[in-house]
Amino acid sequence: MEPSQPTPPTPPPAGGPQPGGWPAPGPYTSPGMPYTPYGQPGMPGAVPYGQPPRRSTNGLAIGSLVSGIVCCLPPLGLILGLVALPQIRKNEQAGKGLAIAGITLSALSCLLLLVGLATGGIGSAWNGFQEGVDEASRSKSPFSLRTGQCFTDESGLEEYTTDVTIVDCARPHDGEATGGFKVTGFDRWPGEDPIDDLAQKRCETINTAYAMDTWAIPKDVWIYYYLPSSKSWRLGDRTVTCAFAAEKKPFSGSVRSDKSTLTLDQSLFLTTVNPIETVTYREPEDDPDEDFAANKAWAGELLEAIDAAHAGLGQHSWSGDATAPVAALRKELATASARWRELAAAADADAYWEAYDGAWDALPEDLGADARRALGLTGTPPAGEGTQA
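How each quantity is defined
- Residues numbered from 1 in each chain as written.
- Predicted model: local features only at pLDDT ≥ 70, side-chain atom pairs only at ≥ 80, totals over all residues.
- Heavy atoms only, no water.
- Helix = DSSP H or I, 4+ residues; strand = E, 2+ residues; numbered from the N terminus.
- Buried < 20%, exposed > 50% of the residue type's maximum accessible area, 1.4 Å probe, protein only.
- Contact = heavy atoms within 4.5 Å.
- Areas by Shrake-Rupley, 256 points an atom, 1.4 Å probe, with all protein chains shown as cover.
- pLDDT = per-residue confidence, 0-100.
- Disulfide = S-S within 2.5 Å.

If you check an unreviewed UniProt entry, the protein chain appears there as DUF4190 domain-containing protein from Streptomyces tanashiensis.

Helices and strands together make up the secondary structure of the protein chain, namely 11 helices and six strands. A total of 389 residues make up the protein chain; the buried ones form 35% of that total. In the protein chain, of all internal contacts separated by at least 6 residues, the share reaching a separation of at least 24 is 67%. Only carbon and sulfur atoms are counted for the fraction: they give 57% of the accessible area of the protein chain, which is about 23500 Å².

Turning our attention to the confidence of the model for the protein chain. When pLDDT is averaged along the protein chain, the result is 79; 74% of the residues meet or exceed 70. Helix H4 (residues 121-138) is the least confidently modelled element of the protein chain, averaging 49 in pLDDT, while helix H8 (residues 292-314) averages 97, the highest of any element. Throughout residues 1-6 the model reports pLDDT below 50, and contacts reaching past four residues in sequence, or to other chains, amount to zero contacts. Here residues 15-51 is a poorly scored stretch, pLDDT under 50, and it has 26 contacts once near neighbours within four places are set aside; other chains count.

Attention now moves to the state of the cysteines. Taken as a whole and assessed by the stated rule, the structure comprises two disulfides. What pairs with Cys-150 in a disulfide is Cys-169, and their sulfur atoms sit 1.9 Å apart. Because the sign of the S-S torsion sets the handedness, a value of about 100° for the bond joining Cys-150 and Cys-169 places this disulfide among the right-handed ones. One end of the pair, Cys-150, is in strand E2 (residues 150-152); the other, Cys-169, is in the loop between strand E3 (164-167) and strand E4 (175-182), and 19 residues separate them in sequence. Take Cys-150 and Cys-169: they sit in the same class, and that class is buried. Cys-203 shares a disulfide with Cys-242; S-S distance 2.0 Å. When the S-S torsion is -75°, as for the bridge of Cys-203 with Cys-242, the disulfide is left-handed. Here Cys-242 lies in strand E6 (residues 239-246) and Cys-203 lies in helix H5 (residues 192-210), a separation of 39 residues in the sequence.

What follows is the structure, encoded as structure tokens:
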């Protein structure tokens, strides 16, 4: 007889109590939904089988790489990379390669920076950058020049220059702006000649007021102006810019000597005496035999300037060392007035020629050089020449 097998105990019903009185755990499901273990497809937040969860990239590693690439702050990129590496290990993040690349590039940039500082290369590069920015900011249209600005003109002072460069007046320059004006009175483009005629008259007045100490103006520096062209006129340009400019080679130093830079005595002396010099340069090109009327009119104009200077110098009380030389100049002007009165009263060309040399000899050649020096003005005419043409 075969031994009998014991009858296995009947398993408790599902969901019934476990030994010890605890119920058996059931599936973690919501009513009406199948049970889906974590990590299986279909469950929110699950990762497919065989694929690990995606790791985030460390932000400091990214910053380190960017700083190393742009080379703007190499120490910052180095620091960010060194801080990022332990964070990546601790938080199991991605970005180790980015941090190492940032550290490498930043270290190289730091090395180059140190070499540049040691050799002066950084300073030279920065100075070059500053000079480039400065030059760009100083490049202007000639019609935007302000009074008192000195400039160079790469075009050689051509008529329709579009760009000039502002420079320090102490440096060699081609010209110095004295002012300007707007052209009015024309409904349409009038042509170059009318504007040129207007510019000659207006700029002569502007330049005379700007550089009253005329003897301080270097030789070969003359009145110059920029005119609007027919094309710029159509775009609304009506500006004439007046200047002093060098015809042959650049000059250094400002020629400005107006009422803002002169003392009262200096300004009064030049305002009184300068008209004599101005009129002497207007002597007609044709001699009296060819145009007697023009020469006689010019002699009368110069006589008026001489008499006005004589009277004007006597109406002011001159201070210091200027008193005696100004009195001496007035005496010379009185003698010159008598001779120029004879010239202006000449009846014909022969009489004009007879009085001509005597009139010039009587006019003070230096127009009061001693008085000018006593007043602190330029005491020597340009190129050592006097007023006689």
